[in-house]
Each structure stands twice: as structure tokens, then as C-alpha cells.
Amino acid sequence: MTIEHGDNTIILKENIIHITLKGSFNEYGAEEVSQKTSAIIKSLNQSKFLIFVDLSNLDGATPDAFNISNKFNEWLNGQNMVAKAIVITSQVIKSIDQQWVPSKAVQNIEYFDNEDDALVWLNKQI
């Protein structure tokens with residue numbers, strides 16, 4: 001039995017880290033996403049990168065999951081991320097995320113309702 005909740009897919013395509021989250025996340029699921037993403041970033045050896053996040057099938061997260069996300073984003077702010085595009089269709093989850101993850105406030109970040117627009121904007125940031 002696993003204790004993490006939520007499904008994630010994290011892959012690197014050229015200089016874009018693609019993160020897809022589905023379902024509901026607890027702290028264990030959020031920690032898994034943080035660890036996988038951190039490992040990819042560290043493997044880039046200080047190269048600049050972009051992040052694309054698809055939250056269109058995210059159902060929610062526990063307060064502990066948001067706290068882990070905030071800690072990860074604090075670390076991310078010290079890395080060579082150029083920009084982050086987030087696809088999110090729930091305005092409620094977006095509002096909660098913005099409130100519980102204040103470390104994102106200093107990032108070059110935009111929110112979109114579809115992948116195509118997000119990727120077009122993201123590729124213009126390099």
C-alpha cells in the first residue's frame with residue numbers, strides 16, 4: 001500500500017520540465033513531486049530551464065501538500081528557472097494555491113486554461 005495520494009508525471013523535454021498532476025494530493029504525493037522535479041533540475045547543472053505544469057485534472061490538495069509546494073518553490077526561486085506556465089481550470093484551486101504558496105509571487109509565472117497557449121507563451125520567455 002502506498003501512502004502518497006495523487007498521480008504525477010514529470011518529464012524533461014529539451015529545456016522544459018513538464019509536470020502533470022491528477023487527483024488529490026497529500027504531503028507524501030507532494031513530496032514525491034518535489035523530489036522528482038528537484039532531481040531533474042539538479043541534473044541540468046545550472047542550465048536555464050522552463051516549467052510547464054498541467055493542473056487541469058487536479059482535484060485538490062491537503063494543507064500539508066501546499067506547505068511542501070511552498071518550500072519547494074522557495075528552493076526553486078534560487079535555481080535558474082526562467083518562467084513557469086500553469087494550466088488550471090479551477091479558479092478555486094488557483095486561488096487556494098496562490099494563497100498557500102506565496103513563494104511563487106516572485107516567479108515569472110502565467111496561468112492558462114489550455115496547454116497550447118501555455119506552451120506558446122513559455123517558449124517566448126527564452
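Here, the structure is the one placed above.
In this report, we go over the structure that sits alongside the text. Computed from a predicted model, the values in this text were never measured in an experiment.

Each value, and the rule that gives it
- Residues numbered from 1 in each chain as written.
- Predicted model: local features only at pLDDT ≥ 70, side-chain atom pairs only at ≥ 80, totals over all residues.
- Heavy atoms only, no water.
- Pairing = 2+ DSSP bridges.
- Helix = DSSP H or I, 4+ residues; strand = E, 2+ residues; numbered from the N terminus.
- Axes fitted to C-alpha atoms, helices over the stretch in contact; angles between N-to-C directions.
- Contact = heavy atoms within 4.5 Å.
- Expected span 1.5 Å × (residues − 1).
- Buried < 20%, exposed > 50% of the residue type's maximum accessible area, 1.4 Å probe, protein only.
- Arc of directions from axis to C-beta.
- Polar contact = N/O pair within 3.5 Å; in protein donor to acceptor, adjacent residues only side chain to side chain.

**What to know about the sheet that holds strand β3 (residues 49-61)**
Phase 1 of the analysis: Spatial strand order, β1-β2-β3-β4-β5: five strands in an open sheet with mixed pairing. The open sheet has two edge strands with one neighbour each: β1 (7-13) and β5 (109-112). Across the sheet, the axes of successive neighbouring strands diverge by a mean angle of 15°, strand direction being ignored.
Phase 2 of the analysis: Against the sheet, helix α2 (residues 63-76) makes contact with β2 (16-25), β3 and β4 (81-87), and its axis sits at roughly 175° relative to β3, the strand it touches most.
Phase 3 of the analysis: Sheet contacts for helix α4 (residues 115-124): β2, β3, β4 and β5; angle to β4, the most-contacted strand, approximately 170°.

**Regarding helix α1 (residues 27-43)**
Phase 1 of the analysis: Between the first and last C-alpha of α1 there are 24 Å, a value that for 17 residues agrees with the 24 Å anticipated at 1.5 Å per step.
Phase 2 of the analysis: Of the residues making up α1, those classed as buried are G29, A30, V33, S34, T37, S38, I40 and I41. An end-on view of α1 places all buried positions within 165° of arc, on one side of the element. Across α1 from its buried face, at more than 90 degrees, point the exposed residues Q35 and K42.
Phase 3 of the analysis: In this structure, the buried side of α1 is in contact with β1, β2, β3 and α2.
Phase 4 of the analysis: The N-cap of α1, judged by a side-chain oxygen 3.1 Å from the amide nitrogen of Y28 a few residues on, is N26.
Phase 5 of the analysis: Trailing α1 by a residue or two, N45 shows a phi angle of about 50°, which is positive.

**A closer look at the environment of T62**
Phase 1 of the analysis: Inspection of the secondary structure assignment puts T62 in the loop between β3 and α2.
Phase 2 of the analysis: Put simply, T62 and I16 are 46 residues apart on the chain and 27 Å apart in space, counted from C-alpha to C-alpha.
Phase 3 of the analysis: Setting aside residues no more than four positions away along its own chain, T62 makes contact with F25, N26 and E27.

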